[in-house]
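# A structural walkthrough
Listed here are the chains, written in short residue letters.
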Amino acid sequence: MTPSHSRQDNFLDEQLLTTPQAAHRLNISPRTLERYRCRGGGPVFRKMGGRVLYHVNDIRHWIENVACKSTSEESYEKARVIGSRRLGHRP
(Lines give C-alpha, C1' and ligand atoms only; values in the text may rest on other atoms or scores of the structure.)
Protein backbone atom coordinates (compact mmCIF):
# COMPACT_ATOMS: atom_id res chain seq x y z
CA MET A 1 0.00 0.00 0.00
CA THR A 2 1.42 3.39 -0.95
CA PRO A 3 1.56 6.16 1.64
CA SER A 4 -1.04 8.27 -0.22
CA HIS A 5 -3.37 5.27 -0.51
CA SER A 6 -2.98 4.64 3.23
CA ARG A 7 -3.85 8.29 3.99
CA GLN A 8 -6.94 8.02 1.78
CA ASP A 9 -8.08 4.88 3.63
CA ASN A 10 -7.62 6.64 6.97
CA PHE A 11 -9.64 9.60 5.70
CA LEU A 12 -12.49 7.30 4.67
CA ASP A 13 -12.34 5.49 8.02
CA GLU A 14 -12.77 8.84 9.76
CA GLN A 15 -15.63 9.96 7.49
CA LEU A 16 -17.70 6.75 7.27
CA LEU A 17 -19.20 5.35 10.47
CA THR A 18 -20.82 2.01 11.22
CA THR A 19 -24.22 1.93 12.91
CA PRO A 20 -22.72 1.52 16.42
CA GLN A 21 -20.20 4.32 15.79
CA ALA A 22 -22.86 6.70 14.43
CA ALA A 23 -25.26 5.86 17.26
CA HIS A 24 -22.52 6.51 19.82
CA ARG A 25 -21.79 9.94 18.32
CA LEU A 26 -25.51 10.76 18.31
CA ASN A 27 -25.89 9.49 21.90
CA ILE A 28 -28.66 7.08 20.89
CA SER A 29 -28.78 3.30 20.82
CA PRO A 30 -27.82 1.41 17.65
CA ARG A 31 -31.32 -0.09 17.70
CA THR A 32 -32.89 3.38 17.58
CA LEU A 33 -30.72 4.27 14.59
CA GLU A 34 -31.77 1.00 12.92
CA ARG A 35 -35.44 1.90 13.48
CA TYR A 36 -34.87 5.32 11.91
CA ARG A 37 -33.25 3.59 8.94
CA CYS A 38 -36.15 1.16 8.48
CA ARG A 39 -38.99 3.66 8.75
CA GLY A 40 -37.25 6.78 7.47
CA GLY A 41 -36.53 10.00 9.27
CA GLY A 42 -32.95 9.29 10.25
CA PRO A 43 -29.69 10.34 8.65
CA VAL A 44 -28.88 9.27 5.09
CA PHE A 45 -27.01 5.97 5.03
CA ARG A 46 -25.10 3.90 2.50
CA LYS A 47 -25.35 0.17 2.00
CA MET A 48 -21.96 -1.10 0.88
CA GLY A 49 -21.90 -4.85 0.55
CA GLY A 50 -23.18 -6.19 3.84
CA ARG A 51 -22.35 -3.01 5.75
CA VAL A 52 -24.45 0.03 6.53
CA LEU A 53 -22.35 3.19 6.76
CA TYR A 54 -23.12 6.78 7.67
CA HIS A 55 -21.07 9.70 6.38
CA VAL A 56 -20.32 12.28 9.05
CA ASN A 57 -21.59 15.11 6.82
CA ASP A 58 -24.97 13.35 6.46
CA ILE A 59 -25.17 13.03 10.24
CA ARG A 60 -24.38 16.74 10.62
CA HIS A 61 -27.04 17.61 8.04
CA TRP A 62 -29.64 15.46 9.83
CA ILE A 63 -28.80 17.07 13.18
CA GLU A 64 -29.30 20.53 11.66
CA ASN A 65 -32.68 19.48 10.20
CA VAL A 66 -34.05 18.41 13.58
CA ALA A 67 -32.83 21.55 15.37
CA CYS A 68 -35.57 23.56 17.13
CA LYS A 69 -35.71 26.92 18.85
CA SER A 70 -39.10 26.41 20.49
CA THR A 71 -41.85 23.83 20.84
CA SER A 72 -44.17 25.95 18.71
CA GLU A 73 -42.08 25.53 15.56
CA GLU A 74 -43.09 23.14 12.80
CA SER A 75 -39.59 21.61 12.99
CA TYR A 76 -40.27 20.65 16.63
CA GLU A 77 -43.27 18.55 15.61
CA LYS A 78 -41.21 16.86 12.88
CA ALA A 79 -38.44 16.10 15.38
CA ARG A 80 -41.02 14.72 17.83
CA VAL A 81 -42.45 12.41 15.18
CA ILE A 82 -38.95 11.19 14.28
CA GLY A 83 -38.33 10.36 17.92
CA SER A 84 -41.63 8.55 18.46
CA ARG A 85 -41.92 4.77 18.44
CA ARG A 86 -43.92 4.61 15.21
CA LEU A 87 -43.85 7.12 12.40
CA GLY A 88 -46.82 9.40 12.87
CA HIS A 89 -47.39 8.33 16.49
CA ARG A 90 -47.66 11.34 18.76
CA PRO A 91 -46.79 10.62 22.36
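Throughout what follows, the structure given in this document is the object of discussion. In this text, all values refer to a predicted model and were calculated from it rather than measured experimentally.

The rules we used
Residues numbered from 1 in each chain as written. Predicted model: local features only at pLDDT ≥ 70, side-chain atom pairs only at ≥ 80, totals over all residues. Heavy atoms only, no water. Salt bridge = Lys/Arg side-chain N within 4 Å of Asp/Glu carboxyl O. Helix = DSSP H or I, 4+ residues; strand = E, 2+ residues; numbered from the N terminus. Buried < 20%, exposed > 50% of the residue type's maximum accessible area, 1.4 Å probe, protein only. Pairing = 2+ DSSP bridges. Axes fitted to C-alpha atoms, helices over the stretch in contact; angles between N-to-C directions. Contact = heavy atoms within 4.5 Å.

## What about the pattern of salt bridges?
- Summed over all chains, the structure comprises 2 salt bridges.
- Between Asp 58 and Arg 46 there is a salt bridge, with its nearest N and O atoms 2.4 Å apart. In this pair, Asp 58 is assigned in helix 4 (residues 56–65) and Arg 46 in strand 2 (residues 46–48), connecting sequence segments 12 residues apart.
- Its relative accessible area of 17% is what places Asp 58 among the buried residues.

## A short note on the sheet that holds strand 2
- What the 3 strands build is an open sheet, ordered 1-3-2; its pairing is antiparallel. Either end of the sheet is taken by a strand with one partner, and the two such strands are strand 1 (16–18) and strand 2. Strand-to-strand twist across the sheet, computed as the mean angle between neighbouring axes with direction ignored, equals 45°.
- Alignment of strand 2 against strand 3 (residues 51–55), held across 3 bridges, turns out to be antiparallel. What sits directly across from Arg 46, in strand 3, is Leu 53.
- Here helix 4 sits on the sheet in contact with strand 1, strand 2 and strand 3, set at roughly 65° to strand 3.

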